[in-house]
Amino acid sequence: DAKTTQPPSMDCAEGRAANLPCNHSTISGNEYVYWYRQIHSQGPQYIIHGLKNNETNEMASLIITEDRKSSTLILPHATLRDTAVYYCIVRVDTGRRALTFGSGTRLQVQP
Amino acid sequence: GAVVSQHPSRVICKSGTSVKIECRSLDFQATTMFWYRQFPKKSLMLMATSNEGSKATYEQGVEKDKFLINHASLTLSTLTVTSAHPEDSSFYICSVRGLAVSYEQYFGPGTRLTVT
């Protein structure tokens, strides 16, 4: 699986959009970009995933650059409950192997 | 998404004792379950892959005789920490993958183990 690089921490004001970047310059053609988050003392939660097109669901939007070497997870209106560690993971879409977690980005939503 | 439960959510045990953690897939059959460990302020580290009806596959550096995994049915996997030591204190999280090829892993709420 391709390596990902994320900033260790970010702050965001409540009600504003939170934009979390992820670099994955070594991504290969059959690898997807996944985002999970982990709220303190809970198990990780799936957010969204994509291959090359931008994706949106009820939780977030995923913007993938045309060269696929980076992506941004967007939480359109961050709330205090969005305070968590966000993990960007790149992997092929077979689901057979376990997800491998990096250090992620600790997002602190400020009131 | 799938519902995964873990029991207990918290456990405190004395050094030298064993403790069992259960992971249940509540709404679909899971041929494969994964066990992770997470130390404070660290990321999740995969410990082992639990396959229904066969022996678990352990990651490098994880002692199979210390962390016993039993995947007895399509809905239940157990992790037993044997002869626990304080350094085994950690947050243990299980995850399930369904029968169909699925890109999503569903995670349990985790079990906080404290060894005194």
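Model, not experiment: these values are computed from the prediction.

Draft legend 1. Layout of the sheet that holds strand β4 (residues 45-50) of chain A. Residue and element names in this part refer to chain A. Strands sit in the order β1-β9-β8-β3-β4 across an open sheet of five strands; the sheet is mixed. Lying at the two open borders of the sheet, with one neighbouring strand each, are β1 (9-13) and β4. Put simply, the sheet's adjacent strands are angled 25 degrees from each other on average, direction ignored. With five bridges connecting them, strand β3 (residues 31-38) and β4 associate as antiparallel partners. When the sheet's bridge partners are listed, R37 is paired in β4 with Q45.

Draft legend 2. The arrangement of the state of the cysteines in detail. Residue and element names in this part refer to chain A. With the rule as written, the count across this model stands at two disulfides over all chains. Residue pairing for C22: its cysteine sulfur links by disulfide to C88, the two sulfurs lying 2.1 Å apart. Its S-S torsion of about -80 degrees marks the bond between C22 and C88 as left-handed, since a negative value means left-handed. A residue pair is termed long-range when its members are at least 10 positions apart, and C22 in strand β2 (residues 18-23) and C88 in strand β8 (residues 84-92) qualify at 66 residues.

Draft legend 3. The arrangement of the sheet that holds β2(A) in detail. Residue and element names in this part refer to chain A. Read across the sheet, four strands follow the order β2-β7-β6-β5 without closing on themselves; strand pairing throughout is antiparallel. Of all the strands in the sheet, the pair left with one neighbour each is β2 and β5 (55-56). Both strand β6 (residues 61-64) and strand β7 (residues 70-75) contribute to a ladder of four bridges, which runs antiparallel. Looking across to β7, one finds that I64 is bridged to S71.

Draft legend 4. View of the interface of chain B and chain A. The interface of chain B with chain A comprises 18 residues on the first partner and 21 residues on the second. For the pair chain B and chain A, the summed buried area comes to about 1,600 Å², and 54% of that belongs to carbon and sulfur atoms. The interface formed by chain B and chain A includes zero salt bridges. Applying the counting criterion to the chain B and chain A interface returns six residue pairs in polar contact (both at pLDDT 80 or more). Contributions of two or more residues to the side of chain B that touches chain A are made by β4 (32-38) and β9 (90-97) of chain B.

Draft legend 5. Summary view of the packing of aromatic side chains. Summed over the entire model, instances satisfying the criterion amount to nine aromatic pairs over all chains. Positioned over the ring face of B:F67 is B:K66, at 5.9 Å from the centre of the ring.

Draft legend 6. Quick peek at the pairing of strand β1 (residues 4-7) of chain B. Residue and element names in this part refer to chain B. Because side chains alternate across β1, one face comprises the buried residues V4 and Q6, and the other comprises S5 and H7, none of which is buried. Across four bridges, β1 lies against strand β3 (residues 19-25) in antiparallel orientation. If you follow Q6 over to β3, its bridge partner there is C23.

How each quantity is defined
- Residues numbered from 1 in each chain as written.
- Chains lettered and ligands numbered in written order.
- Predicted model: local features only at pLDDT ≥ 70, side-chain atom pairs only at ≥ 80, totals over all residues.
- Heavy atoms only, no water.
- Pairing = 2+ DSSP bridges.
- Helix = DSSP H or I, 4+ residues; strand = E, 2+ residues; numbered from the N terminus.
- Axes fitted to C-alpha atoms, helices over the stretch in contact; angles between N-to-C directions.
- Disulfide = S-S within 2.5 Å.
- Contact = heavy atoms within 4.5 Å.
- Buried area = accessible area lost by both parts, 1.4 Å probe.
- Salt bridge = Lys/Arg side-chain N within 4 Å of Asp/Glu carboxyl O.
- Polar contact = N/O pair within 3.5 Å; in protein donor to acceptor, adjacent residues only side chain to side chain.
- Phe/Tyr/Trp six-rings, centres within 6.5 Å; stacked < 30°, edge-to-face > 60°.
- Lys NZ or Arg CZ within 6 Å of the ring centre and 35° of its normal.
- Buried < 20%, exposed > 50% of the residue type's maximum accessible area, 1.4 Å probe, protein only.

Any link to function would need more than the numbers given here.
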